[in-house]
Amino acid sequence: FESFTIGHDFAGHVGDYGVSGQRVEYMKGPSSNDIDFRAGSYSSYNSFRNHLSCALLGVTVSEAWENEETYSDHLIWDLLNFSDCEGVIGPTVSDVIHKGLVDNQSKFSSYLRSRSDVGKMDEEYYNQTYANFMDAFAFGKQEGIVIFA
């Protein structure tokens, strides 16, 4: 068995399964699929999330958090405003985030290319991290989960 914790602050992200604020054990079935990737260190992931916010919302992620009522309707809000270290996102929220990522991939890449402070290696890391999240949420939206650990 494997397990994950559903945080009290984000219980709505897994409302599809009717569980909240608890540790959940599960077992992968024979036809289960998964992908695994590292989004980077704490600071690298937060830098990625900040570039994502700047590219798609036009403000830093801190500004977005401070003005939730203005930005919470954006398709990627639930990714920007989610715990970066522990939690789970279920199919309904995964579907919304996946759509936001698919619809905005070229906008994100263009933003990175326009930044003189983003070097080629960082640009590759950010684009790969974006693609990894797109893949993860594509899985998650098909009756799956995306686990942040």
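Here, every reference points to the structure presented above.
Quantities reported herein were computed from a predicted structural model and do not represent experimental measurements.

Visitor: Can you help me understand the overall build of the protein chain in this one?
Guide: Helix and strand content of the protein chain: six helices and four strands. Listed by position from the N terminus, the elements making up the protein chain come as β-β-α-α-α-α-β-α-α-β. Residues classed as buried in the protein chain amount to 39% of the 149 residues present. Put simply, of all contacts in the protein chain between residues at least 6 apart along the chain, 65% involve residues at least 24 apart. Surface exposure of the protein chain reaches about 8,400 Å², of which carbon and sulfur atoms provide 47%.

Visitor: What is the right way to look at the environment of valine 61 in this model?
Guide: For valine 61, the position within the fold is in helix α2 (residues 61-66). The exposure class assigned to valine 61 is buried, which follows from its relative accessible area of 6%. In this structure the C-alpha to C-alpha distance between valine 61 and serine 47, which are 14 residues apart in sequence, comes to 9.3 Å.

Visitor: Even after reading the chapter, I still don't get the packing of helix α1 (residues 42-57) against helix α6 (residues 120-140), so can you show me in this structure?
Guide: Axis angle and axis distance: for two packed helices, these are the angle between their axes and the distance between the axes, and together they describe the pair. Contact geometry of α1 with α6 gives a least axis separation of 11 Å together with a crossing angle of 85°. As the angle between them shows, α1 and α6 are arranged roughly perpendicular. Residues Ser44, Tyr45, Ser47, Phe48, His51, Leu52 and Leu56 of α1 form the contact with α6, whose participating residues are Tyr125, Tyr126, Thr129, Tyr130 and Phe133. Here the residues of the contact of α1 with α6 are counted per class, giving eight nonpolar, four polar and no charged.

Visitor: Can you help me understand α6 in this one?
Guide: Quick reminder: α-helices carry 3.6 residues per turn. Residues three or four places apart thus point the same way. Counted at 1.5 Å a residue, the expected span for α6 with its 21 residues is 30 Å, and the 30 Å between its end C-alpha atoms agrees. Taken together, the buried positions of α6 are occupied by Glu123, Tyr126, Thr129, Tyr130, Ala131, Asn132, Phe133, Met134, Ala136, Phe137 and Gly140. On its buried face, α6 sits against α1, α4 (77-80), β3 (87-89), α5 (91-114) and β4 (146-148).

Visitor: Which parts of the structure should I look at to understand the nonpolar core?
Guide: If you look at soluble globular proteins, the nonpolar side chains tend to sit buried side by side. Core analysis: the largest hydrophobic core is formed by 32 residues, its most contacted members being Leu52, Leu101, Phe133, Phe137 and Phe148. When residues of this core are traced back to their parent elements, those giving at least two are α1, α2, α4, α5, α6 and β4.

Visitor: What should I look at first to understand the packing of α1 against α5 in this one?
Guide: In the contact formed by α1 and α5, the axes pass within 9 Å of each other and the chain directions differ by 100°. Viewed along their axes, α1 and α5 adopt a mutual orientation that is roughly perpendicular. For the pair α1 and α5, the contacting residues are Phe48, His51, Leu52, Cys54, Ala55 and Leu56 in the first and Leu101, Asn104, Lys107, Phe108, Tyr111 and Leu112 in the second. Classifying every residue of the contact of α1 with α5 gives nine nonpolar, two polar and one charged.

Thresholds, definitions, all that
- Residues numbered from 1 in each chain as written.
- Predicted model: local features only at pLDDT ≥ 70, side-chain atom pairs only at ≥ 80, totals over all residues.
- Heavy atoms only, no water.
- Helix = DSSP H or I, 4+ residues; strand = E, 2+ residues; numbered from the N terminus.
- Buried < 20%, exposed > 50% of the residue type's maximum accessible area, 1.4 Å probe, protein only.
- Contact = heavy atoms within 4.5 Å.
- Areas by Shrake-Rupley, 256 points an atom, 1.4 Å probe, with all protein chains shown as cover.
- Axes fitted to C-alpha atoms, helices over the stretch in contact; angles between N-to-C directions.
- Parallel < 35°, antiparallel > 145°, perpendicular 65-115°, else oblique.
- Nonpolar A, V, L, I, M, F, W, Y, C, P; charged D, E, K, R; others polar.
- Expected span 1.5 Å × (residues − 1).
- Core = buried A, V, L, I, M, F, W, Y, C linked by side-chain atoms within 4.5 Å.

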